[in-house]
Amino acid sequence: MKKVVTYGTFDLLHYGHINLLRRAKEYGDYLIVALSTDEFNAVKNKKSFFSFEERKLILESIKYVDCIIEEKCWEQKAEDIVKNKIEVLVMGNDWEGKFDLLKDYCDVIYLPRTPEISTSKIKEDLRMCR
Ligand code: C2G
């Protein structure tokens with residue numbers, strides 16, 4: 001079984017996230033999502049609308065997702081990859097190059113982001129509607 005991993009907050013899940021998850025799954029048979037905890041979001045200077053548990057519940061309903069683990073820090077990726085025997089790390093290309101050091105452990109793939117959509121854009125547009 002070829003395992004793939006991707007990392008993220010996945011707040012206010014939208015079609016850009018779904019495009020990423022669908023394409024990531026195509027690189028293997030089993031997709032692990034390392035979901036940023038609320039505490040790690042604070043490290044990333046992100047405040048998600050949905051809590052970790054709520055974001056996890058939503059992601060678990062996505063057919064491309066086979067397993068969800070916690071993303072608690074920047075430094076856990078190599079251990080995650082070795083421990084879970086992961087062969088491919090997939091991220092959107094806003095992260096281009098940032099995880100190349102992990103090429104010692106697995107394939108690292110950066111996929112084009114879906115344009116025109118982001119969680120922050122959704123929040124901003126909703127604020128405008130008030
Ligand atoms: N994404 C995308 N297209 C968008 C929006 C997001 O392809 N329009 C991708 C991002 O590139 C990322 C994934 O969806 O690969 C999740 O995005 P976020 O939830 O914003 O994750 P991020 O804050 O980038 O966290 O250690 C890595 C970090 O945890 C990544």
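Further up the page is the structure itself.
Residues numbered from 1 in each chain as written. Predicted model: local features only at pLDDT ≥ 70, side-chain atom pairs only at ≥ 80, totals over all residues. Heavy atoms only, no water.

**Points about the layout of surface pockets**
Empty pockets left among the atoms are what a rolling probe the size of a water molecule brings to light. For the largest pocket, the calculated volume is near 680 Å³. Around the largest pocket sit 33 residues that line it, and His17, Lys46, Asp94, Trp95 and Arg113 are the ones nearest its centre. Elements with a contribution of two residues or more to the lining of the largest pocket: strand 1 (3-8), helix 1 (15-25), strand 4 (86-92) and helix 5 (119-128). In terms of residues, the lining of the largest pocket owes the most to one element, helix 1, which gives 4 residues. By residue class, the composition of the lining of the largest pocket is 11 nonpolar, 12 polar and 10 charged. (1 Å grid on protein atoms, 1.4 Å probe; cavity = no way out; pocket = protein on both sides within 12 Å on 5 of 7 lines; lining within 4 Å. Points joined across faces, edges and corners; volume = space filled by probe spheres on them. Helix = DSSP H or I, 4+ residues; strand = E, 2+ residues; numbered from the N terminus. Nonpolar A, V, L, I, M, F, W, Y, C, P; charged D, E, K, R; others polar.)

**Describing the packing of aromatic side chains**
Applying the stated rule across the entire model yields 4 aromatic pairs. With centroids separated by 5.0 Å and ring planes inclined at 80°, the aromatic side chains of Phe49 and Phe50 adopt a geometry described as edge-to-face. On the basis of an interplanar angle of 50° and a centroid distance of 5.8 Å, the ring pair of Trp74 and Trp95 is categorised as tilted. Of this pair, Trp74 sits in the loop between strand 3 (67-71) and helix 4 (77-83) while Trp95 sits in the loop between strand 4 and strand 5 (107-111), placing them 21 residues apart in sequence. (Phe/Tyr/Trp six-rings, centres within 6.5 Å; stacked < 30°, edge-to-face > 60°.)

**A look at the environment of Met91**
You can see Met91 is positioned in strand 4. Relative accessible area serves as the criterion here: at 5%, Met91 is assigned to the buried category. C-alpha separation for the pair Met91 and Tyr110, spaced 19 residues apart in sequence, amounts to 5.0 Å. (Buried < 20%, exposed > 50% of the residue type's maximum accessible area, 1.4 Å probe, protein only.)

**Points about the nonpolar core**
Within the largest apolar cluster, 17 residues are counted, with the highest numbers of intra-cluster contacts made by Leu21, Leu31, Val33, Leu59, Val65 and Val90. Of all the secondary structure elements, the ones that give two or more residues to this core are helix 1, strand 2 (30-36), helix 3 (52-60) and strand 4. Non-local contacts of Val90, meaning those with residues more than four positions away in its chain, are made with Val4, Val5, Thr6, Leu20, Ala24, Tyr27, Ile109 and Leu111. Tyr7, Ile81, Leu89 and Leu102 belong to the second-largest nonpolar core, a separate cluster that totals 13 residues. (Core = buried A, V, L, I, M, F, W, Y, C linked by side-chain atoms within 4.5 Å. Contact = heavy atoms within 4.5 Å.)

**Quick word on the site of the ligand**
In the region of the ligand, 22 residues are neighbours, and Lys46, Glu71, Asp94, Thr114 and Ile117 sit closest. In this structure, Lys44 approaches the ligand through a side-chain N or O atom, which is 2.9 Å from an oxygen atom. Measuring from a nitrogen atom of the ligand, one finds a backbone N or O atom of Ile117 at 2.7 Å. For the ligand, whose accessible area on its own is 640 Å², the fraction buried by protein is 95%. In a pocket analysis with a 2 Å cut-off to the grid points, the ligand is assigned to the largest pocket. Elements with a minimum of two residues in the shell around the ligand: strand 1, helix 1 and strand 4. When the residues that make up the shell around the ligand are grouped by side-chain class, the tally is 8 nonpolar, 8 polar and 6 charged. (Near = heavy atom within 4 Å. Polar contact = N/O pair within 3.5 Å; in protein donor to acceptor, adjacent residues only side chain to side chain. Areas by Shrake-Rupley, 256 points an atom, 1.4 Å probe, with all protein chains shown as cover. Sits in = over half its atoms within 2 Å of the grid points.)

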